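Now for the letters of each chain:
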Amino acid sequence: MARLWPPTRFWQFWALAGMVVLTAAFWWGVQGYALFESGAPRGQIADGLLRFSLLILTPALLLVWLAAAWLRRRVGDLGYWQMLGLVAMIWAGAVLVTRMLAA
């Protein structure tokens, strides 16, 4: 029988990353939705980026984080962190640009 405790370093880092990922996704979900519902005038680019980041990028970030066990077997530890980092950077860039354009 395999030891289930203490968890491997991967899962310890995954839990720490989860605190950041889930907090950021929740924050942007609330903030972005409030921005969307505010009715403030925005350009087409800002509006499209806002919708894309809320409807596509935020769920993608959460799915990559949640699918860690499945992805880890296929791409390895390093590949998983690279993939999560890439999705997180794309998501953070979209959020930053949206905040700059919509504010």
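Since the model is a prediction, treat every value here as computed from it, not as a measurement. (Residues numbered from 1 in each chain as written. Predicted model: local features only at pLDDT ≥ 70, side-chain atom pairs only at ≥ 80, totals over all residues. Heavy atoms only, no water.)

Can you explain the side chain of Thr58? Please cite residues and give values.
Within the secondary structure layout, Thr58 lies in helix α2 (residues 44-66). Here Thr58 falls in the buried class, since its relative accessible area comes to 8%. (Helix = DSSP H or I, 4+ residues; strand = E, 2+ residues; numbered from the N terminus. Buried < 20%, exposed > 50% of the residue type's maximum accessible area, 1.4 Å probe, protein only.)

I'd love a proper account of the side chain of Ser53, names of residues and values included.
Mapped onto the elements, Ser53 comes out in helix α2. Here Trp28 takes part through its side chain, which lies 3.1 Å from a polar atom of the side chain of Ser53. With residues near it in sequence (within four places) discarded, Ser53 still touches Trp28, Thr58, Trp91, Ala94 and Thr98. (Polar contact = N/O pair within 3.5 Å; in protein donor to acceptor, adjacent residues only side chain to side chain. Contact = heavy atoms within 4.5 Å.)

Explain the pattern of salt bridges to me, using residue names and the numbers behind them.
For the structure on display, the rule yields three salt bridges. Where Arg51 meets Asp47, a salt bridge forms, and the shortest distance between an N and an O atom there is 3.2 Å. Placement of both Arg51 and Asp47 in helix α2 is noted, with a separation of four residues, approximately one turn of the helix. Salt-bridge contacts for Arg72 lead to Asp77; the nearest nitrogen and oxygen are separated by 2.6 Å. A single salt-bridge network, built from bridges that share partners, covers Arg42, Asp47 and Arg51. (Salt bridge = Lys/Arg side-chain N within 4 Å of Asp/Glu carboxyl O.)

Describe the packing of aromatic side chains, and please don't skip the residues or the numbers.
What the rule picks out here adds up to seven aromatic pairs. Taken together, Phe10, Trp11, Trp14, Trp65, Tyr80 and Trp81 form an aromatic cluster joined through their ring pairs. The ring of Phe10 carries Arg72 above its face, with NZ or CZ at 4.4 Å from the centroid. (Phe/Tyr/Trp six-rings, centres within 6.5 Å; stacked < 30°, edge-to-face > 60°. Lys NZ or Arg CZ within 6 Å of the ring centre and 35° of its normal.)

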